[in-house]
Amino acid sequence: MIIYSNITRDTTLTGTDALHDIFKKHWINAVKLYEQHGYDILSARNVTVYASSNTESADMNVVSGLLVDYDVIYFNHMMHHHQHEDAPMLSANAQSFDNFVCEYSVFFKLMSNWREMTFGSGVQFWTVGRILEYQNIMVRQSDFLKVDA
Amino acid sequence: MIKNIAVCLYGRFGTGEYCAPSILKFFKNTLGVNVDFFCATKDYDNYYTTHYESTPDKIKRLDISDLTNKLSVYNPKDIAITTLEEDERRRGVHPQSSGHMFSQMGNSIMLKSKYEVNNDMQYDVVFVTRYDILIKHGIETTTDNFYLDHYIAWHNNEFINKQYDLFSNISKAWMFSHKMGKNPGNLSEVFRNIYQDMLFFGSSLAMDLFAANALLITSDQHHKTNKKTHIYPDLYRRDGHEGLGYIFRKSNISVSICPSFDLNGIMMYTIDNRIQNNIWYVPVRAFGEMNFAATSTEAFNRNCWIWSNSVPYTECPAYIEELQTLIATCEQDIALCNTSTAIAKKAHIEAKDALASALAKINKD
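Procedures and definitions
Residues numbered from 1 in each chain as written. Chains lettered and ligands numbered in written order. Predicted model: local features only at pLDDT ≥ 70, side-chain atom pairs only at ≥ 80, totals over all residues. Heavy atoms only, no water. Helix = DSSP H or I, 4+ residues; strand = E, 2+ residues; numbered from the N terminus. Buried < 20%, exposed > 50% of the residue type's maximum accessible area, 1.4 Å probe, protein only. Contact = heavy atoms within 4.5 Å. Areas by Shrake-Rupley, 256 points an atom, 1.4 Å probe, with all protein chains shown as cover. Core = buried A, V, L, I, M, F, W, Y, C linked by side-chain atoms within 4.5 Å. Salt bridge = Lys/Arg side-chain N within 4 Å of Asp/Glu carboxyl O. Polar contact = N/O pair within 3.5 Å; in protein donor to acceptor, adjacent residues only side chain to side chain. Pairing = 2+ DSSP bridges. Axes fitted to C-alpha atoms, helices over the stretch in contact; angles between N-to-C directions. Expected span 1.5 Å × (residues − 1).

Engineer: Please explain the overall build of chain B as it appears in this structure.
Structural biologist: Along its length, chain B carries eleven helices and 13 strands. Counting over 365 residues, chain B shows a buried share of 56%. Partitioning the contacts of chain B with sequence separation of at least 6, the portion at a separation of at least 24 is 75%. Accessible surface, chain B as shown: approximately 15800 Å² in total, 51% of it carbon and sulfur.

Written out as structure tokens, the structure reads:
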């Protein structure tokens, strides 16, 4: 079962502030998904979240075929987004979280961390890699976005 | 500064009706801080984990309207009642799996998060506790010396500045819990991180991280549809205390012991002479001592005895003798009272009546 969390990212924000914005909006969606589906459904471990914050569309056949295990997050292949960056995971580049796929428990856990990111601080402490490492989440890559998107 | 506190109650209702006054008193404060309750529970009582009650009839269905009515004493912001059918569907592997406990904790915390989203606010502190416990700081005192007053003042004045000293970091995912130190001196016990499930509290973020992992464990252990990797295959055979330690560790939640201020807990020895650390609360089993008011010291002490010995207090050989002695003492006190000590006399009579009632119940059984 795939459920969706779509947000509109504030493109005027950068760095930690942009991550704060994305995480908080997805966290609100996560809670609303709980309200919609209930604990019994969401705890079944067969619920995959496809999270998106732009207009790119995913190939759901690819998404449904991903092995979305516990503590795993799938990003679309890094090269599509970060071909000009040496180490995108070590930056606070919010673009990494434009599209991702994970289990509901991982989604809720990860997005709850919006509270850790002090809005407007300008401190680039919370990088993408740091957040994932902090929550013991492994990164996998897949080409789930449509090529022409 | 603390303005809003959430209390997430979870688990089977059990002796919740009896214990409610103690819990409600614990969460009183005189500082004007708002306290909201969220209730997750089941439409049945089970007795899998209570040794004395290991009878063939381990499950008792409850009337939902009656249950909801009993929960109304907390004036809860939200209620979630899990049905026996829902739980049975998840009960694939092991009936005593601690996943049932974690599903209740997680559900209650999610009710809190739902309220936060719908009302665009965040709780400053979130408590997670059970329905069927007496809390030491919820017992009657000569003056109203509320624990929450102490905690709120300490949090506002000191915790915010001393968090690094307590946790060695300034993460917003902080938690206070009672670490269970069994068999002190035994290295294998020292290195195990196990915590009491009856009462713990922390930031809203810490609770959300906790709920997310509880969600995972709930189904990981025993959901029949779970075909994925088990995160902790052995967990279902372990108790919930270890599960708490596992979740805290897995989510990088910073845990410290509960600040107890000047209100000390009790050093509890269980039946196998193991020590549990300084704790302030005691579960009231179905066979617990409920002849005294839930906010009385007597009720707390007697249920401590029951907890540590896993048998009804009435089976304590010295209990009947103690009751008779106490009744005799009350009678002496009553005789000594004159008209100028009418209030004291009334108190002695009430105490004697309660004791006599307890004795009559034993004789009847």
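Still to come is the rest of the account.
Engineer: Which parts of the structure should I look at to understand the overall build of chain A?
Structural biologist: Along its length, chain A carries six helices and five strands. Walking chain A from its N terminus toward its C terminus, one meets helices and strands in the order β-α-α-β-α-β-α-β-α-α-β. Here chain A holds 149 residues, and the buried ones make up 56% of them. Put simply, of all contacts in chain A between residues at least 6 apart along the chain, 81% involve residues at least 24 apart. Of the roughly 6200 Å² of accessible surface on chain A, 52% is carried by carbon and sulfur atoms.

Engineer: In this structure, what is going on with the nonpolar core? I would like to understand it.
Structural biologist: Across soluble globular proteins, nonpolar side chains show a tendency to be buried alongside one another. Core analysis: the biggest nonpolar cluster contains 67 residues, and Phe23, Phe97 and Tyr104 of chain A together with Phe210 of chain B have the highest contact counts within it. Counting residues per element, this core draws most heavily on helix α7 (residues 204-222) of chain B, which supplies ten residues. Ignoring anything within four residues of it in the chain, the contact list for Phe97 of chain A reads Leu19, Ile22, Phe23, Ser53, Ile73, Phe75, Leu110, Met111, Val128 and Leu132 of chain A. By size, the runner-up hydrophobic cluster in this structure holds 55 residues, among which are Val33, Phe201, Trp307 and Leu359 of chain B.

Engineer: Looking at this structure, how should I read unusual backbone geometry?
Structural biologist: It is generally the case that most residues other than glycine have a negative phi and that most peptide bonds are trans. Residues and elements named next belong to chain A. One non-glycine residue with positive phi stands out, namely Asn136, at about 55 degrees. Residue position: Asn136 is located in the loop between α6 (128-134) and β5 (138-142). On the basis of relative accessible area, Asn136 is assigned to the partly exposed category, the value being 39%.

Engineer: Please explain the pattern of salt bridges as it appears in this structure.
Structural biologist: Summed over the entire model, instances satisfying the criterion amount to 18 salt bridges over all chains. Between Asp71 of chain A and Lys109 of chain A there is a salt bridge whose closest N-O contact spans 3.3 Å. With Asp71 of chain A in the loop between α3 (60-64) and β3 (72-76) and Lys109 of chain A in helix α5 (residues 104-111), the pair connects residues that are 38 residues apart, well separated along the chain. For Asp71 of chain A, a relative accessible area of 5% corresponds to the buried category. For Glu116 of chain B, the salt bridge goes to Lys112 of chain B, with nearest N and O atoms at 3.3 Å. Pair noted here: Glu116 of chain B and Lys112 of chain B are both in helix α4 (residues 99-119), with a separation of four residues, about one helical turn. Neither residue differs from the other here; Glu116 of chain B and Lys112 of chain B are each classed as buried. When salt bridges that share partners are traced, they join Arg115 of chain A together with Lys112, Glu116 and Asp208 of chain B into one network.

Engineer: Mind showing me how you'd approach the side chain of Asp43 of chain B here?
Structural biologist: All names here are of chain B. If you trace the backbone, Asp43 turns up in the loop between β2 (34-42) and β3 (44-46). Given a relative accessible area of 4%, Asp43 falls into the buried group. Within polar-contact distance, the side chain of Asp43 engages the side chain of Arg61 at 2.9 Å. At 3.0 Å, the side chain of Asp43 forms a polar contact with the backbone nitrogen of Leu84.

Engineer: Whenever I open this one, the sheet that holds β5 of chain A confuses me. Can you help?
Structural biologist: Note on sheets: strands pair through backbone hydrogen bonds, and any given pair is parallel or antiparallel. Residues and elements named next belong to chain A. Sheet architecture is open: five strands sit in the order β1-β2-β4-β3-β5, paired in mixed fashion. Strands at the two margins of the open sheet, each flanked by one partner only, are β1 (2-6) and β5. Each strand axis lies, on average, 25 degrees off the axis of its neighbour in the sheet, ignoring direction. The sheet contact formed by β3 and strand β4 (residues 99-103) spans three bridges and is antiparallel. Note that in β4 the partner of Ile73 across the bridge is Cys102. Running at roughly 140 degrees to β1, helix α1 (residues 15-37) makes contact with β1, β2 (48-52) and β4 of the sheet. Set on the sheet, α5 makes contact with β1, β2, β3 and β4; between it and β4 the angle comes to about 120 degrees.

Engineer: Can you walk me through α1 of chain A in this structure?
Structural biologist: The α-helix advances 3.6 residues per turn, and as a result positions three or four apart in sequence lie on the same side. With 23 residues, α1 of chain A should cover 33 Å at 1.5 Å per step; its first-to-last C-alpha distance of 33 Å lies within 8% of that length. Looking one or two residues past α1 of chain A, Gly38 of chain A carries a phi angle of roughly 85 degrees, positive in sign.

Spatial relationships are all this shows, so hold off on functional conclusions.
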